[in-house]
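Report on the structure
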Amino acid sequence: MVEIQKANMMQIAEHCGVSLKTVSRVLNHPEQVSTKTRDAVRKSMEQCGFQVNLLAKGLKQNRTNIIIVFLDKHNGDYMNLWRSEMLKYLFRYSSGIGLKIIVSPSDSHGFLEDETDGFYLLSSGIADGAILLEHMAKDQRIEYLKRTGTPYVVLGQPEEQDIPAVSLDNFDVGLKGGGYLKEKGFKKICYLTNDANFYSTKLRVGGFLKAVPEGRVVYGVKDAKTAYERTRELLQEGAADSIFTNGDNRFLGIYRAAAECGYRIPQDLGVLSADDLAVNEEAYPSLSSLGQDFEGLAENCITLLQSLLQKKQCHEALVREQIFLPSTIMERESTRMTGTAGTEERKSNKNI
């Protein structure tokens, strides 16, 4: 039996006043059931102590509806503000269509040697597929997933064309960020970014330099500490009147360096982040950013993975689709100085 017999499916159907088929659909294809009916059936299951044996169900259906989200130990930490925000939307969308998510730490260069890595759940059949949160160069996990025919999606922009992926359009991020600061009247525009070997970095820098050919790019800025150090150097040289940076908490280092060097934001220094996170609204001054459609990224990621899972179940060829979403400028206080007036005020402030 699939169900643990505290209550069976027939009893749940009778308790809710629905058909046995409807209860089955709530368990296996909840997207086919109205929200009202789905909630009523699930409430009845909870009240009656109904549970599902996931392993037995998986053997019967060749699907467990469990997917693993892998977090690579990037820059020494598994979690950051961007990943936390992204996970929130992945949880929300997957729950709505009956998928269960397990989050696992992982190592793109040594996953097979780590028994805490969720790849053991994939190899044992407990999980159906995987999402890799961010693309890592020379990722051994992707080679394993390709070799075993396991459905997966990378939430990031890979250089390879045969990797299923959902991402922001990173060239567009650099182009819009640099172009926006230039249109605002800033003259000494600097971009603080990751290591040059990341493909997403190459794309963002390419877009930035297309918009601002005279702009300055500073590599190796991976966290708030390095953002602070590089910003302090730029300001002491008088080399920046605006800084565009990748997201997460890097802006904290920029804000600190500006304060220590006597720069006011935005009067003396404009700041723009590539990630539109909730903390941007709480910063003082509030932080301008490139808006990201987290909900759209999550929906496209889960939908693409679902499509790959269904194709595998039907023994169809897996199509390696790639989806790239545009970003939008979210202007806040950190860049709100405009045009010639803003430029002249910055000049007068720094000449005092």
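What counts, and where the lines are drawn
- Residues numbered from 1 in each chain as written.
- Predicted model: local features only at pLDDT ≥ 70, side-chain atom pairs only at ≥ 80, totals over all residues.
- Heavy atoms only, no water.
- Salt bridge = Lys/Arg side-chain N within 4 Å of Asp/Glu carboxyl O.
- Helix = DSSP H or I, 4+ residues; strand = E, 2+ residues; numbered from the N terminus.
- Buried < 20%, exposed > 50% of the residue type's maximum accessible area, 1.4 Å probe, protein only.
- pLDDT = per-residue confidence, 0-100.
- Contact = heavy atoms within 4.5 Å.
- Pairing = 2+ DSSP bridges.
- Axes fitted to C-alpha atoms, helices over the stretch in contact; angles between N-to-C directions.
- Left-handed = near helix turned anticlockwise from the far one by under 90°.
- Nonpolar A, V, L, I, M, F, W, Y, C, P; charged D, E, K, R; others polar.
- Expected span 1.5 Å × (residues − 1).
- Arc of directions from axis to C-beta.

Here we look at the pattern of salt bridges
Where charged atoms from two side chains of opposite charge come close, those side chains can pair. Inspection of the entire model under this criterion finds 18 salt bridges. Between Glu-331 and Lys-184 there is a salt bridge, and its shortest N-O distance comes to 2.9 Å. Linking Glu-331 in the loop between β14 (328-330) and α14 (339-351) with Lys-184 in the loop between α8 (170-183) and β8 (189-192), this pair joins segments that are 147 residues apart in sequence. Of the charged contacts, one joins Glu-237 and Arg-216 as a salt bridge, the two residues approaching to 3.3 Å between their closest N and O atoms. Taken together, the residues Glu-237 in helix α10 (residues 224-237) and Arg-216 in strand β9 (residues 216-218) connect sequence positions 21 residues apart. Taking the relative accessible area as the measure of exposure, Glu-237 reaches 52% and is therefore exposed.

Some details on the confidence of the model for the protein chain
Mean pLDDT over the protein chain stands at 85; residues scoring 70 or higher make up 86%. Predicted confidence for residues 1-5 stays below pLDDT 50, and this span has 11 contacts to residues more than four positions away or in other chains. Here residues 339-343 is a poorly scored stretch, pLDDT under 50, and it has three contacts once near neighbours within four places are set aside; other chains count.

Things to note about the environment of His-135
Within the fold, His-135 resides in the loop between β5 (129-133) and α7 (140-148). On a C-alpha basis, the gap between His-135 and Ala-165 in space is 8.9 Å, while along the polypeptide they are 30 residues apart. Apart from the residues lying within four places of it in its own chain, the contact partners of His-135 are Ile-142, Val-154, Leu-155, Gly-156, Gln-157, Pro-158, Glu-159, Glu-160 and Ile-163.

Some details on the environment of Lys-187
Inspection of the secondary structure puts Lys-187 in the loop between α8 and β8. Overall, the relative accessible area of 59% leaves Lys-187 in the exposed class. Taking the C-alpha atoms as reference points, Lys-187 and Ala-239, 52 residues apart in sequence, are found 9.8 Å from one another.

Here's the deal with the sheet that holds strand β3 (residues 66-72)
The sheet built from six strands is open, its strands ordered β4-β3-β5-β6-β7-β13 with parallel pairing. With partners counted over all chains shown, the strands left at the sheet margins are β4 (100-106) and β13 (322-325), one partner each. Taken pair by pair, the neighbouring strands of this sheet meet at an average axis angle of 20°, ignoring direction. In the packing of helix α5 (residues 81-96) onto the sheet, contacts are made with β3, β4, β5 and β6 (152-155), and the angle to β5 comes to roughly 155°.

Let's talk about the packing of α10 against helix α11 (residues 250-260)
One can describe the packing of α10 onto α11 by two numbers: an axis separation of 7 Å at closest approach and a directional angle of 35°. Viewed along their axes, α10 and α11 form a crossing whose handedness is right-handed. Facing α10, whose interface residues are Ala-224, Ala-227, Tyr-228, Thr-231, Arg-232 and Leu-235, α11 presents Arg-250, Leu-252, Gly-253, Ile-254, Arg-256, Ala-257, Ala-258 and Glu-260. Split by residue class, the contact of α10 with α11 holds eight nonpolar, two polar and four charged.

Some details on helix α3 (residues 35-48)
Since one α-helical turn is 3.6 residues long, residues separated by three or four positions face the same way. For α3, spanning 14 residues, the distance from its first C-alpha to its last is 20 Å, which sits close to the expected 20 Å at 1.5 Å a residue. Three or more residues of α3 are buried, namely Arg-38, Val-41, Ser-44 and Met-45. Looking straight down α3, one finds that the buried residues subtend no more than 130° of arc, so they occupy a single side. Along α3, exposed side chains directed more than 90 degrees from the buried face belong to Lys-36, Lys-43, Glu-46 and Gln-47.

Comments concerning unusual backbone geometry
The peptide bond linking Ile-265 to Pro-266 adopts the cis configuration, its omega dihedral lying at 10°. Tracing the chain through its elements places Pro-266 in the loop between α11 and β11 (270-273). Between Tyr-284 and the following residue, Pro-285, the backbone shows a cis peptide bond with an omega angle of -5°. Summarising the element assignment, Pro-285 is placed in the loop between α12 (279-282) and β12 (288-291).

Thoughts on the pairing of β3
Most of β3 is tucked away: seven of the seven residues are buried. Strand direction decides the pairing type here: β3 and β4, joined by seven bridges, are parallel. Across the sheet, the residue bridging to Asp-72 is Ser-106, located in β4. When β3 meets β5, the two strands line up parallel, connected through five bridges. Across the sheet, Ile-68 pairs through a bridge with Ala-130, a residue of β5.

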